[in-house]
Amino acid sequence: MNAFDAAFMAQAIRLAERGLYTTHPNPRVGAVIVNGDRVVGRGFHLKAGEGHAEANALDEAGAEARGATVYCTIEPCSFVGRTPSCAQSLIDAGVARVVVAMQDPHHGNAGRGFEMLRAAGIRVDYPMMESSARMLNPGHVRRFECGLPFVRLKLAMTADGKTALANGESRWITGEAARRDVQKLRARSSALVTGVQTIIDDDPSLTVRAGELGVERADISAGIARPIVILDPELRIPPDAGVLANDNAVVACLEDPANGVTLDCEKMILPSDGARRIDLGALLERLAQMECNEVLFECGATLAGAMIEQHLVDELVLYVAPAVFGADGRSLLNLAKIDSMEQRVDFEIAEVRHIGNDIRLTYVPKPR
């Protein structure tokens, strides 16, 4: 593999990015077919149930796929699911070589696609630009490698670390550009999670709004049925909460809520952590079973603090507004007291960006 290969794999990765907000629960995949030094086919996966990247590229290439080299961002699928096997389609098309960025961790694939291609006499080269390919699909990778979704925690604060005034008022800390940016975080997620106190305090809708996304095919992304999970162990959610009007709302509670309230909505019964709170690990396992790849937590200080203390956050996205609320404002996180520096939770800065008049800081956990 050489610079020639790298250039075409980079094209495939850029194509895969076009499905960033629409492919749930499938991974984002791009493919480029090259015959000689000419690109004869390009494709990316748009949404579940429609053509995979390789199939779309083969359709464009037609007969020119024979003897060509195919660049794929992930191992071609070996099995028939909602669509035919891409490995078999490449074999049938008579391609000569397949260059792949990463092996597919899906239990039904996991090297079988490579085996099919090689058994048919097709040269397979991988990995190439693997880290970039894995970054495209952190949830797909984590779900099949670890049995858990990729968890992203979104928070917003003032320059002095506050999330609301002392009376609870918090709209709006950040500007319009930052709020539109949050729409993209929601759109790339398979599920949204919040706590009941956030619903009581703010009555958010937690929807993906096509008109605010500013991306191609925003209507497809907004139409995906993402569960909106409200953690409410004792069923304290107001019956008139706006989120309950959404068909995707799911109230996660304990099996025997203390107040005996019943709600006419979908419920998710989860075990307690022993203190009448929902076991957050069990919640994430359930979401992975529901084919949720990336999960976005938009929640208050208590739930956010618990997620961080339990080391369940894979990425922390923090929006910082150029304002101060003063000493009486509500703090960003409720964390247990620690007595030594060894007990602290450390993060590394992955990215710093201006979003309008605000700053977006992206952190990842520091290896323990």
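Relevant structure appears above.
The paragraphs below set out a description of the structure included in this document. The shown structure was predicted, so the numbers you read here are calculated from the model rather than taken from an experiment. Position numbers for residues start from 1 in each chain and track the written sequence from start to end. Only residues with pLDDT of 70 or above have their local features reported here, since the model is predicted, and side-chain atom pairs are shown and tallied only from 80 upward, although totals for entire chains, interfaces and linings are computed over all residues. The side-chain quantities take in all heavy atoms of the structure and omit both hydrogens and water.

**Some points on helix α12 (residues 301–309)**
Okay, step 1: Whether a residue is buried, partly exposed or exposed follows from its accessible area with a 1.4 Å probe, protein chains only, as a fraction of its type maximum: under 20%, in between, or over 50%, in that order. Helix and strand definitions follow DSSP, with helices as H or I runs of at least four residues and strands as E runs of at least two, each counted in order from the N terminus. When you tally the buried positions in α12, you get 7 out of 9 residues, the bulk of the element.
Okay, step 2: What α12 keeps buried is the set Ala301, Leu303, Ala304, Gly305, Ala306, Met307 and Ile308.
Okay, step 3: His311, located one to two residues past α12, shows a positive phi value of around 55°.

**Focus: the sheet that holds strand β2 (residues 38–44)**
Okay, step 1: Pairing between strands is defined by DSSP: at least two bridges between the two strands are required. The strand order across the open sheet built from 5 strands is β2-β1-β3-β4-β5, with neighbouring strands paired in mixed fashion. In this open sheet, the two strands that pair with only one neighbour each are β2 and β5 (123–125). Neighbour-to-neighbour, the strand axes of the sheet open up by a mean angle of 15°, direction not taken into account.
Okay, step 2: Seen against the sheet, helix α2 (residues 53–61) touches β1 (30–35), β2 and β3 (69–72) and runs at an angle of roughly 140° to β2. Each axis is a line fitted through C-alpha atoms, and for a helix only the stretch in contact is used; angles between axes span 0 to 180 degrees, taken between their N-to-C directions. Should any heavy atoms of two residues lie within 4.5 Å, those residues are considered in contact.

**Observations concerning a nonpolar patch on the surface**
Okay, step 1: Patches here: salt-bridge-free residues with over 30% relative accessible area, like charges joined within 9 Å, nonpolar side chains (Val, Leu, Ile, Met, Phe, Trp, Tyr) joined within 5 Å. Using the Shrake-Rupley algorithm and a 1.4 Å probe, accessible areas are obtained, with residue cover drawn only from the displayed protein chains. Here, a salt bridge means any side-chain nitrogen of Lys or Arg that lies within 4 Å of a carboxyl oxygen of Asp or Glu. A cluster of nonpolar side chains, namely Ile349, Val352 and Ile359, defines an oily patch on the protein surface of about 260 Å² accessible area.
Okay, step 2: One can find Val352 in strand β15 (residues 347–355).
Okay, step 3: Judged by relative accessible area, which is 52%, Val352 ranks as exposed.

**Quick look at the environment of Lys366**
Okay, step 1: Following the sequence through the fold, Lys366 ends up in the segment after β16 (358–365).
Okay, step 2: Here Lys366 falls in the partly exposed class, since its relative accessible area comes to 42%.
Okay, step 3: Measuring from C-alpha to C-alpha, the distance between Lys366 and Asp346 comes to 5.5 Å, with 20 residues separating the pair along the chain.
Okay, step 4: Excluding residues that lie within four positions of it along the chain, Lys366 makes contacts with Asp346, Phe347 and Glu348.

**Some remarks on the pattern of salt bridges**
Okay, step 1: Evaluation of the coordinates by the stated rule reveals 22 salt bridges.
Okay, step 2: Salt-bridge contacts for Glu216 lead to Arg18; the nearest nitrogen and oxygen are separated by 2.9 Å. Here the residue Glu216 occupies a position in the loop between α9 (210–213) and α10 (218–223), and Arg18 occupies one in the loop between α1 (3–16) and β1, the gap between them amounting to 198 residues.
Okay, step 3: With relative accessibility at 37%, the residue Glu216 sits in the partly exposed group.
Okay, step 4: Between Glu64 and Arg38 there is a salt bridge whose closest N-O contact spans 2.4 Å. You can see Glu64 sitting in the loop between α2 and β3 and its partner Arg38 sitting in strand β2, a full 26 residues away along the chain.
Okay, step 5: Residues participating in the shared-partner salt-bridge network are Arg28, Arg152, Arg188, Glu294 and Glu315.

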